[in-house]
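Structural overview
Below, each chain spelled out in residue letters.
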Amino acid sequence: MSKFTTILLAEDEPALGQIIKESLETRQFKVLLCNNGETAFEIYKNSNPELLVLDIMMPKKDGFTLAKEIRATDNSIPIIFLTARSQTQDVVEGFSIGGNDYLKKPFSMEELIVRINNLLNRAKLQNTSELLQIGSYTFNFTKQILQYKNDISVQLTHREAHLLFHLIKNKNQVLDRSLILNKLWGNDDFFNARSMDVFITKLRKKLNQDDTIQIINVRGFGYKLIC
């Protein structure tokens, strides 16, 4: 982790925002704090942060809308959502639009810092230029693009790309469900398990041009990519 890693923090509760900012600065992060989605988007465009921490319920532009706008042009920057909401659908939506992690209030600063460091370490892995072959598909992990026979290209979300990467690296072996949930989602609770099931379904659909490829559910253990 760089000493000067820049984090954009969008949080509309002034006291909480200041606490998070000060805590992160003691860990050698540079924190750009704002209290609404519109200002956050301007800071993002002008300041080139390396990670985003976004409250979902913000004035002017909520965290989900902001993330969608950013993901339209940037598939790689890590995004952590902060929220007081706990509905399963909110968690699934957050990950579906390109969020990388989801932290429910109240939370400990240590937990947030661990998740930030995990995402930054994962982002370093993403910088690999390795092209991976899956049946008739070529997977560009860096660009998060899945291409079928030099013809059809599909843009993956950040979470889809990382999940597919681990499935490929463990091809024809069982990818342990609990292990990958903890690695990519931060923990293996019920809500994250449901979210992972959604992502597996999406990957199956995006790989359905080649009928030799299967992602099978090994009940009680995890998933296996067969090709």
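Where an unreviewed UniProt entry is consulted, the chain appears under the name Response regulator transcription factor, with the organism given as Flavivirga jejuensis.

Before going further, it helps to examine the pattern of salt bridges. Summed over all chains, the structure comprises eleven salt bridges. Between E13 and K105 there is a salt bridge, and its shortest N-O distance comes to 3.1 Å. Taken together, the positions of E13 in the loop between β1 (6–10) and α1 (14–25) and K105 in the loop between β5 (101–104) and α5 (109–126) put the pair 92 residues apart, joining distant regions of the chain. Taking the relative accessible area as the measure of exposure, E13 reaches 38% and is therefore partly exposed.

Packing of helix α2 (residues 37–47) against helix α3 (residues 63–71) brings their axes to within 10 Å, and their N-to-C directions diverge by 25°. If you check the angle between α2 and α3, you find them roughly parallel. As for the relative orientation of α2 and α3, their crossing is right-handed in sense. Residues G37, A40, F41 and Y44 of α2 form the contact with α3, whose own contacting residues are L66, E69 and I70. A class-by-class count of the residues in the contact of α2 with α3 yields five nonpolar, one polar and one charged.

Definitions and cut-offs
Residues numbered from 1 in each chain as written. Predicted model: local features only at pLDDT ≥ 70, side-chain atom pairs only at ≥ 80, totals over all residues. Heavy atoms only, no water. Salt bridge = Lys/Arg side-chain N within 4 Å of Asp/Glu carboxyl O. Helix = DSSP H or I, 4+ residues; strand = E, 2+ residues; numbered from the N terminus. Buried < 20%, exposed > 50% of the residue type's maximum accessible area, 1.4 Å probe, protein only. Axes fitted to C-alpha atoms, helices over the stretch in contact; angles between N-to-C directions. Parallel < 35°, antiparallel > 145°, perpendicular 65-115°, else oblique. Left-handed = near helix turned anticlockwise from the far one by under 90°. Contact = heavy atoms within 4.5 Å. Nonpolar A, V, L, I, M, F, W, Y, C, P; charged D, E, K, R; others polar.

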